[in-house]
Amino acid sequence: MTQPTHASGSTSHQLAREPSGAPLRDPGDRPAQILGPDGVLAGAPGWVTPGLTRDLYRWMRLTRRLDAEAFALQRHGELGIWAQSLGQEAAQVGSVTALRPADYVFPSYREHAACLVRGVSPSQILAQWRGVSGCGWDPAARHLHAYTVVLGAHLPHATGYAMGVQRDGTDEVVTAYFGDGASSQGDANEAFNWAATCSAPVLFFCQNNQYAISTPASLQMRTPIHHRAAGFGLRSFLVDGNDVLAVHEVTREAVRHIRSGGGPAFVEAVTYRMGAHTSSDDPTRYRDQAESDAWQAKDPLSRVEKLLEAQGWWDQGFRTALDAECEALAVEVRSAVRGFGPVELDGLFDQVYARRTALLSSEKAAYADLVAGFLDEEVDDDGGPPDSLAGQARTARAFGVGVGR
Ligand SMILES: Cc1ncc(C[n+]2csc(CCOP(=O)(O)OP(=O)(O)O)c2C)c(N)n1
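About the thresholds
Residues numbered from 1 in each chain as written. Predicted model: local features only at pLDDT ≥ 70, side-chain atom pairs only at ≥ 80, totals over all residues. Heavy atoms only, no water. UniProt positions renumbered as here; feature names shortened; annotations may be inferred. Pairing = 2+ DSSP bridges. Helix = DSSP H or I, 4+ residues; strand = E, 2+ residues; numbered from the N terminus. Contact = heavy atoms within 4.5 Å. Axes fitted to C-alpha atoms, helices over the stretch in contact; angles between N-to-C directions. Near = heavy atom within 4 Å. Polar contact = N/O pair within 3.5 Å; in protein donor to acceptor, adjacent residues only side chain to side chain. Areas by Shrake-Rupley, 256 points an atom, 1.4 Å probe, with all protein chains shown as cover. Buried < 20%, exposed > 50% of the residue type's maximum accessible area, 1.4 Å probe, protein only. Expected span 1.5 Å × (residues − 1). Arc of directions from axis to C-beta. Core = buried A, V, L, I, M, F, W, Y, C linked by side-chain atoms within 4.5 Å.

- Looking at an unreviewed UniProt entry, one finds the chain named 2-oxoisovalerate dehydrogenase subunit alpha, with Kineosporia corallincola as its source organism.
- For the record of the chain, the UniProt heading Sequence similarities (unreviewed entry) holds the text "Belongs to the BCKDHA family."
- As stated in UniProt under Cofactor (unreviewed entry), the record for the chain gives "thiamine diphosphate".

## Considering the sheet that holds strand 3 (residues 202-208)
- Pairing is parallel across the open sheet formed by 5 strands, whose spatial order is 1-2-3-7-6. Since the sheet does not close on itself, it has two edges, and those belong to strand 1 (105-106) and strand 6 (235-240), each with one partner.
- With 2 bridges joining them, strand 1 and strand 2 (residues 174-179) adopt parallel strand pairing. Residue F106 lies in a different strand from strand 2, and its bridge partner there is A176.
- Contacts from helix 3 (residues 89-96) reach strand 2, strand 3 and strand 7 (265-270), with the element oriented near 165° to strand 3.

## Focus on the site of the ligand
- Taken together, 15 residues are adjacent to the ligand, and Y109, R110, G181, A182 and Y211 come closest.
- V149 places a main-chain nitrogen or oxygen 2.9 Å from a nitrogen atom of the ligand.
- Within the backbone of L151, an N or O atom sits 3.1 Å from a nitrogen atom of the ligand.
- Relative to its unbound accessible surface of 580 Å², the ligand loses 72% to contact with the protein.

## Quick notes on unusual backbone geometry
- Phi at H143 takes a positive value of approximately 55°, unusual for a residue other than glycine.
- Among the structural elements, H143 can be located in the loop between helix 6 (139-142) and helix 7 (154-168).
- A relative accessible area of 24% means that H143 is categorised as partly exposed.

## So, helix 13 (residues 300-311)
- In this model, helix 13 (12 residues) spans 17 Å end to end at C-alpha, consistent with the 16 Å of a helix rising 1.5 Å per residue.
- What helix 13 keeps buried is the set P300, L301, R303, V304, L307 and L308. Projected onto a plane normal to the axis of helix 13, the buried residues spread over an arc of 165° and lie on a single side. Those residues of helix 13 that are exposed and aimed more than 90 degrees away from the buried face are E309 and A310.
- Where helix 13 begins, one side-chain oxygen reaches toward the backbone nitrogen of L301, 2.7 Å away; that side chain belongs to D299.
- Of the residues trailing helix 13, G312 is marked for its positive phi of about 65°.

## Regarding the nonpolar core
- In terms of nonpolar packing, the biggest core is built from 66 residues, with I125, L126, W129 and L245 touching the most fellow members.
- Discounting residues that sit within four places of it in the chain, W129 has contacts with L79, G80, I81, W82, A83, Y109, H112 and Y147.
- The next biggest cluster of nonpolar side chains, apart from the first, holds 25 residues, and it includes A162, V165, V202 and F204.

Now the structure itself:
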């Protein structure tokens, strides 16, 4: 991608020229922060209790373990692809725990913490990444929509859903997660405007993790995201996305505003994607080690560990029990993934409409022929057709979907 050229001297020019990886914001903008990277609390807000802090930490640890395990399984060929949440645990855990269980959530594709907190099991999360399901959980039961991979496509859905909630007369708050890159989509901007003009009870939660795959935020936009949101008429917040306590508090404030009828709100959580974009990406090709190291020092988990330690808010019993819980989660993830059956092609076409159309039937037949032709060419190490799950996964990966007929 070539560098854009700008007229010199303007504020937008200076913003657009911030070095890659720096949070794009006005120099005057300071993200809200309660817990610094050194583990020191700014003031001592009464609501920061040992129990809440341990609870938030527990969800972050479980999320990180799920992430590490799934990434390893992808490297073993058991998952086609995996999008890591590494580094974004505080932004996700802090926000989703500030919602009520009945508040409907629209995730994009790396909100694994939101799933865990909402009671979705690790195997239900991994079903989609394995390719055996379009969504492994019941969205209505969990008040959690399916992952959306098409950038920003779920934001008009969230806005429409919120307008339904508004008409139902309940006080639910609909929350949509998305990234800095998705905020540039037309869908996102239409959703912001529509939500604002209709006063829809929706919270747009943007995790600005600094990159849209390889494109840094400084090349994606000339105006900070939360300023843009304010321009649409959304109540706008900026928060340190690696500070789970600040995210929790800011989200509670945004939700209070929405629930009390104040209209939609927007949170920009400044964070960093510590891993690759997905397991298919190599971030060393577009970002410096020094930058990653600087963010490593702001790790969302270690600052909470320092706080828990300094305050004496955890003990050996808590740590041992949590280690065991993480270990059990890892075992569950491995056995669930290896226990998934073969990928079935049928579901892909059968879940588009309630009733199959003639066009879908012919597309399904054509697709089945295509995949069958590919299977004819594929051989296992023993020279025979692929009979292992790994062989089927290779095939599924090649086509992006299933191998059954
Ligand atoms: C409409 C659309 N265009 C392009 C893509 C390809 N794509 C997948 S992820 C991604 C970058 C997304 O960046 P961001 O919104 O910041 O979210 P992040 O992955 O960093 O969490 C792109 C361009 C897509 N999925 N959908």
